[in-house]
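# Coordinate analysis (summary)
Chain by chain, the residues run as shown.
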Amino acid sequence: MNNKYSFLPIGSMHYDGIISFLMNYINHEQLLNKSLWNKFTSVFTNRDDDKNLGWRAEYWGKMMRGACLCYQYQHNKQLYQVLEKTVKDLLKKQDHLGRISSYSTKNEFRGWDIWGRKYVLTGLLHFANICENIKLKKKIISALEKHTDYIIDHVGKEKGKIPITHTSHIWLGVNSCSILESIVALYQISHKAKYLKFAKYIVETGGIKGGNLITSANNDKLLPYQYLENKAYETMSFFEGVLEYALVSKDNQLVKTAINFFEKVQQSEISIIGNAGSEDENFSHGALRQTYQPKKFMQETCVVTTYMRIMAKLHLLTGDIKYYERFSTAALNCFLGSVNNYHNCAKDYFNKKVLKDYLPFDSYSPLVNSSRGVSTGGLQFFKDHSFYGCCASIGSASIGLMALCYVINNRQTIVFNDYYDNGTITTKGFKAIIKSNYIESGRVHLIIKKNSKEILLRIPSWSNKPSITINGKVKFIKAGTYYKVNLTKGDILLNFNPEIKTHHLNQMIAFSYGQFVLGIDEESNPHLKLESLKADNIKLTKTKTNKNSLLTFTNENKLIFKDYASLGKHYNIKRNRLSVWINQ
């Protein structure tokens, strides 16, 4: 089964606004930082993860994946040069056995070793997709084959090998089994049957020791939080691999199983801001429990980025609007809220102290009377006493995907998925300009300069009596669909008419405006007591938005409500809490 749509060619689009801000932000904070790349590659010679069976090895591959996705949008030569250099540096870290691992042979195939090797595969495969040097690309593929062959020689069901579900004592081995997606990707680029065979073996294990996640996904009576293993990030990563294997092997039943799993996640776990796991980092029936305060923290940034990646993948595969709408909700609410653009220092939750430096993304997203920055996900220290985290490494992938999914295409069709930024799209046979007031008013002006394709325009499901005007002719259209336009040149005006909507759950109320979830924070409301706030008869009126928020509303008591992504962003101050859900 081939994808219905694909990303536009590298450098085909330019957007101002949110995407421009995010790209500049991540380049400055992370992707162009050569010393950071060097720190991440050093773990493969220093074997830094030996001592605590850690996961420092994931940082390089996660960041490389995100960087390559950002490059596909930016076509930034400086970024490419930085990435090429760190790839060459990493290849030098491969030992004589073929391993690129942060564990010594004495300690290998324990803890997070396979997980780290997965991200080596992931990062190098993503760079291979953008690599401009044919010789270097061949060298990368050769190194990846040696890297993977070593794993296959030691891990498997054959006599003398370690079962993959036994290569980690954590989460019943699902973290190790999540290498499945990268093994399938290597098969697709190398076409060597041994990699597909190894992928099949991983699928046959069911992903965990002492159970079977695939069987659980096929059980209509079970939801993900009820599985034998319920770690959100790693379990979704495993099923992402199951989906890829099923597509390559043309196993339609397995495709249905994987998609069914993601539907269960959507129905039982995804909160109003688009993320899963409302208790710690685990599936927890979060769609229902999102109004409760967690014991520690909730809705990990690694989870939302993984969920966005999967929704983007399913959208490209099927073209179904629901996947993009889920992606967009997660991107513009939960993920955007995680961006640490004010350089706050988060806490080391388990050692009960505030860290001495900041990371580019916050790790957890609160919903009820809580603050950001309560913990640093995947925190690991280096020998120079600096540190990094899993969520800080993964966030750039969300940024790249936001840019790449904005407009997509195939040979016959160009699809406008979103409109929150002004922009220009220029690709073969097509040129258009977007002039947007989408966030504030739901109005969009598309100027089609040149077109030889069918145009599909997303009409968001939240739209209220949406209309389209093409060269002066007005027509009312259906929300939650794509509207087809055949226009070689001319103007298109879209009006989605966003309005305040009220959401009810567990005797609590939340508000949204168009795609954006709203909430309230202590910083903007100096005399507010969140616990005593009640939603009775709250009527919100939109006000002029300031530079610190995308949307601002007030009520009759002059309380200030803002879009979720702008709430509680200064989490080093005393009054830093926020709430989306309010007592009824």
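Overview of the structure. (Residues numbered from 1 in each chain as written. Predicted model: local features only at pLDDT ≥ 70, side-chain atom pairs only at ≥ 80, totals over all residues. Heavy atoms only, no water.)

## A closer look at the sheet that holds strand E2 (residues 13–16)
Spatially, the 7 strands line up as an open sheet ordered E2-E10-E11-E12-E17-E14-E15, and their pairing is antiparallel. Looking along the sheet, the strands with just one partner apiece sit at the ends: E2 and strand E15 (473–476). Across this sheet, the average inter-strand angle for adjacent strands is 15 degrees, counted without regard to direction. Pairing of E2 with strand E10 (residues 422–427) involves 4 bridges; the strand directions are antiparallel. If you follow Met13 over to E10, its bridge partner there is Ile425. (Pairing = 2+ DSSP bridges. Helix = DSSP H or I, 4+ residues; strand = E, 2+ residues; numbered from the N terminus. Axes fitted to C-alpha atoms, helices over the stretch in contact; angles between N-to-C directions.)

## A look at empty space enclosed by the protein
Left-over empty space is what a probe sized like a water molecule reveals as it rolls over the atoms. In this structure the tally under the stated criterion is 3 cavities of 30 Å³ or more. Its volume calculated, the largest cavity comes out at about 70 Å³. Lining the largest cavity are 14 residues; nearest its centre among them are Ala346, Tyr358, Leu359, Phe361 and Thr376. Broken down by class, the residue content of the lining of the largest cavity amounts to 7 nonpolar, 5 polar and 2 charged. Its boundaries defined by the atoms lining it, the second largest cavity holds a volume of some 60 Å³. In terms of lining, the second largest cavity is formed by Arg65, Lys118, Tyr119, Thr122, Ser178, Glu181, Tyr233, Ser237, Glu240, Thr306, Arg309 and Ile394. Elements with a minimum of two residues in the lining of the second largest cavity: helix H5 (113–130), helix H11 (232–249) and helix H14 (301–318). Across the lining of the second largest cavity, the residue classes break down as 3 nonpolar, 4 polar and 5 charged. (1 Å grid on protein atoms, 1.4 Å probe; cavity = no way out; pocket = protein on both sides within 12 Å on 5 of 7 lines; lining within 4 Å. Points joined across faces, edges and corners; volume = space filled by probe spheres on them. Nonpolar A, V, L, I, M, F, W, Y, C, P; charged D, E, K, R; others polar.)

## Re the pairing of strand E19 (residues 508–513)
Within E19, 6 of the 6 residues are buried, which leaves it mostly tucked inside the rest of the structure. By the alternation rule, side chains of E19 split into Met508, Ala510 and Ser512 and Ile509, Phe511 and Tyr513, which are all buried. Relative to E19, strand E18 (residues 500–505) runs antiparallel, the two sharing 6 bridges. Looking at the pairing, Ile500 lines up with Tyr513 of E19. Following E18, the chain reverses through 2 residues before pairing antiparallel with E19; Asn506 in that reversal takes a positive phi of roughly 50 degrees. Taken together, the 2 bridges between E19 and strand E25 (residues 582–583) define a ladder with antiparallel strand orientation. Bridge pairing in E25 places Ile509 opposite Ile582. Here 3 bridges tie E19 to strand E20 (residues 516–521), and the two strands are oriented antiparallel to one another. For Ser512, the partnering residue across the bridge sits in E20 and is Val517. (Buried < 20%, exposed > 50% of the residue type's maximum accessible area, 1.4 Å probe, protein only.)

## Some thoughts on unusual backbone geometry
A positive phi angle, close to 75 degrees, is found at His385, a residue other than glycine. Here His385 lies in the loop between strand E6 (380–381) and strand E7 (387–388). Even without being glycine, Asn471 reaches a positive phi, approximately 50 degrees. Within the secondary structure layout, Asn471 lies in the loop between strand E14 (467–470) and E15.

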